[in-house]
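Given next are the chains, with one letter for each unit.
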Amino acid sequence: MREATSADEPTLLAFTEAIFGENWDRPWPSPEVTPKMFEGKLVLLAEDDGDAVGYAFGELESRGHAHVNIVYVVPERRRQGVTKALLTAFGERAREQGVEHLTLDVATRNEVGREVWRRLGFTEWAQRLSVPLDRLEQHEAHGESYASLHVQSDDREAIEAAVAKYLPWVGGSGGHVEGPRNGWVAVYAELVDRDRKARERLASELSNATAAVVCALSVDDGVVVRYVLYERGSVVDEYQSLPEHFGPLPPGDVVALGANPTVVSRLTGAEPAEVRAVARTASSPNELPPADELLQQLAGVLGLEGAGRG
């Protein structure tokens, strides 16, 4: 292991091109690979009998930690301890500067890399998130989220007991129950309104605990109408009026977010033709009725009273 010099620039540039070509998966283009990338950085080169087999470079921060930008080892020399040797050498030089912690970034989908870092003792302490600016601006323009859970039961006391047990378990409090109305008991809670994942966990738990069909019905971001139907705790049908609102999806997943009228009819008694007519999907909210209106249309088809805001 040695510190790289200007004579090593062709090797460093080639290694950088190789790693970007191998696993660059960010939603924006990779940066231009130039010698400026290494200016002001600690750059270490791993050699074996004079042949370069890997490199690492990063920054020695003055606030108690060093950050490794890239570690790369040529494919034929992987799993032979080169990565660990590079990081050890980087750490030794960082310690000389008074640094006590080493950080690095790893892509969420890079399971191999994540496992390597875990074996070397790295632990996750933060997540770096990204969003296209167009989507951020769309979310800023959208309105509120609200939801209701509907349990196919006339036993209000049993539903109240289940809500009291499972709502705190998913991180909520202060929920209330109404009904039964038309054979369904409705559940409302602030957490159910704002947290889609918690909403669906609670719906699943209520369905599993009561052995009843549960429908989670919502408007998200003021523009998306969703329902998820559960039977014995498992999702049996799912609908989302704007399938890719929360991010791009494979074509098959887009199709899967369209309502299944046969399943809906079996679980709720709704007329399949009415489900098909109301539960439409689109790529833009402009192609559909306003979300509040669409929610009520859908609730009417499903026979759910009290849908929406509790």
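All of these numbers come straight from a predicted model, not from anything done at the bench. (Residues numbered from 1 in each chain as written. Predicted model: local features only at pLDDT ≥ 70, side-chain atom pairs only at ≥ 80, totals over all residues. Heavy atoms only, no water.)

Asks: When you look at helix α1 (residues 9-23) in this model, what are you seeing that I'm missing?
Replies: One turn of the α-helix equals 3.6 residues, which is why residues spaced by three or four share an orientation. When the terminal C-alpha atoms of α1 are compared, their 21 Å separation across 15 residues agrees well with the 21 Å that a helix rising 1.5 Å per residue should span. Of all the positions in α1, only Leu 12, Phe 15, Thr 16, Ile 19 and Phe 20 are classed as buried. The buried residues of α1 occupy an angular sector of 130° when projected down its axis, which confines them to one face. Exposed residues on α1 whose side chains face more than 90 degrees from its buried face are Pro 10 and Gly 21. Where the residues of α1 are buried, they touch β2 (42-48), β3 (51-60) and β4 (65-73). (Helix = DSSP H or I, 4+ residues; strand = E, 2+ residues; numbered from the N terminus. Expected span 1.5 Å × (residues − 1). Buried < 20%, exposed > 50% of the residue type's maximum accessible area, 1.4 Å probe, protein only. Arc of directions from axis to C-beta. Contact = heavy atoms within 4.5 Å.)

Asks: Would you explain the packing of aromatic side chains in this entry?
Replies: The geometry of an aromatic ring pair comes down to the distance between the two centres and the angle between the two planes. Tallying each qualifying case throughout the model produces 8 aromatic pairs. Ring plane angle 70° and centroid distance 5.9 Å describe the contact between Trp 117 and Phe 122, whose orientation is recorded as edge-to-face. Accessibility assignment for this pair places Trp 117 and Phe 122 in one class, buried. Above the ring of Trp 24, the side-chain terminus of Arg 26 is found at 4.6 Å from the ring centroid. It is Arg 196 that lies over the ring of Phe 246; its NZ or CZ is 3.8 Å from the centre. (Phe/Tyr/Trp six-rings, centres within 6.5 Å; stacked < 30°, edge-to-face > 60°. Lys NZ or Arg CZ within 6 Å of the ring centre and 35° of its normal.)

Asks: What am I meant to see in the packing of helix α5 (residues 156-169) against helix α7 (residues 196-210) here?
Replies: Between α5 and α7, whose axes approach to 10 Å, the crossing angle comes to 140°. Comparing the axis directions of α5 and α7 gives the class oblique. Classified by chirality, the crossing of α7 by α5 is right-handed. Counting all contacts with α5, which are made through Ile 159, Ala 162, Val 163, Tyr 166, Leu 167 and Trp 169, the residues of α7 involved are Leu 202, Glu 205, Leu 206, Ala 209 and Thr 210. Grouping the amino acids of the contact of α5 with α7 by side-chain chemistry returns 9 nonpolar, 1 polar and 1 charged. (Axes fitted to C-alpha atoms, helices over the stretch in contact; angles between N-to-C directions. Parallel < 35°, antiparallel > 145°, perpendicular 65-115°, else oblique. Left-handed = near helix turned anticlockwise from the far one by under 90°. Nonpolar A, V, L, I, M, F, W, Y, C, P; charged D, E, K, R; others polar.)

Asks: Explanation requested: the nonpolar core in the structure shown.
Replies: As a rule of thumb, soluble globular proteins bury nonpolar side chains together. Within the largest apolar cluster, 33 residues are counted, with the highest numbers of intra-cluster contacts made by Phe 38, Tyr 55, Ile 70, Val 71, Tyr 72 and Leu 86. Looking at this core, the elements that each hand over two or more residues are α1, β2, β3, β4 and α2 (82-96). Counting residues in each nonpolar core, the second largest holds 27 residues, with Leu 217, Leu 229, Leu 267 and Ala 299 among its members. (Core = buried A, V, L, I, M, F, W, Y, C linked by side-chain atoms within 4.5 Å.)

Asks: Looking at this structure, I do not really get the pairing of strand β10 (residues 224-231). What am I missing?
Replies: Two faces make up the sheet, and in a regular strand the side chains alternate between them. Among the 8 residues that make up β10, 7 are buried, leaving the element largely enclosed by the rest of the structure. Relative to β10, strand β9 (residues 214-220) runs antiparallel, the two being bridged by 7 bridges. Residue pairing in the sheet places Ala 216 in a bridge with Val 228 of β10. Between β9 and β10, which pair antiparallel in sequence order, lie 3 residues; one of them, Asp 221, sits at a positive phi of approximately 60°. Taken together, the 6 bridges between β10 and strand β11 (residues 234-240) define a ladder with antiparallel strand orientation. Each residue of the ladder has a partner; that of Arg 226, found in β11, is Gln 240. (Pairing = 2+ DSSP bridges.)

Asks: So what exactly am I meant to see when it comes to the sheet that holds β3 here?
Replies: Overall, mixed pairing links the 5 strands, which are arranged β1-β2-β3-β4-β5 in an open sheet. Each edge of the open sheet is held by one strand with a lone partner, namely β1 (2-3) and β5 (101-104). Bridge count between β2 and β3: 7 bridges; the pairing is antiparallel. Of the residues in β3, the one forming a bridge with Leu 44 is Ala 56. Sheet strands in contact with α1 are β2, β3 and β4, and its direction is about 85° off that of β4.

Asks: I tried to follow the sheet that holds β11 on my own but got confused; where do I start?
Replies: Each strand in a sheet pairs with another by means of backbone hydrogen bonds, the pair being arranged parallel or else antiparallel. Here 6 strands make up an open sheet; going across it, the order is β7-β8-β6-β9-β10-β11 and the pairing antiparallel. Sheet topology places β7 (176-181) and β11 at the edges, where each strand pairs with a single neighbour. The sheet shows a mean angle of 20° between the axes of neighbouring strands, direction not considered. Pairing geometry for β7 and strand β8 (residues 184-188), over 4 bridges, is antiparallel. Residue pairing for β8: Val 177 is matched across the bridge by Val 187. Sitting on the sheet, α5 touches β6 (146-151), β7 and β8, and the angle it makes with β7 is about 155°.

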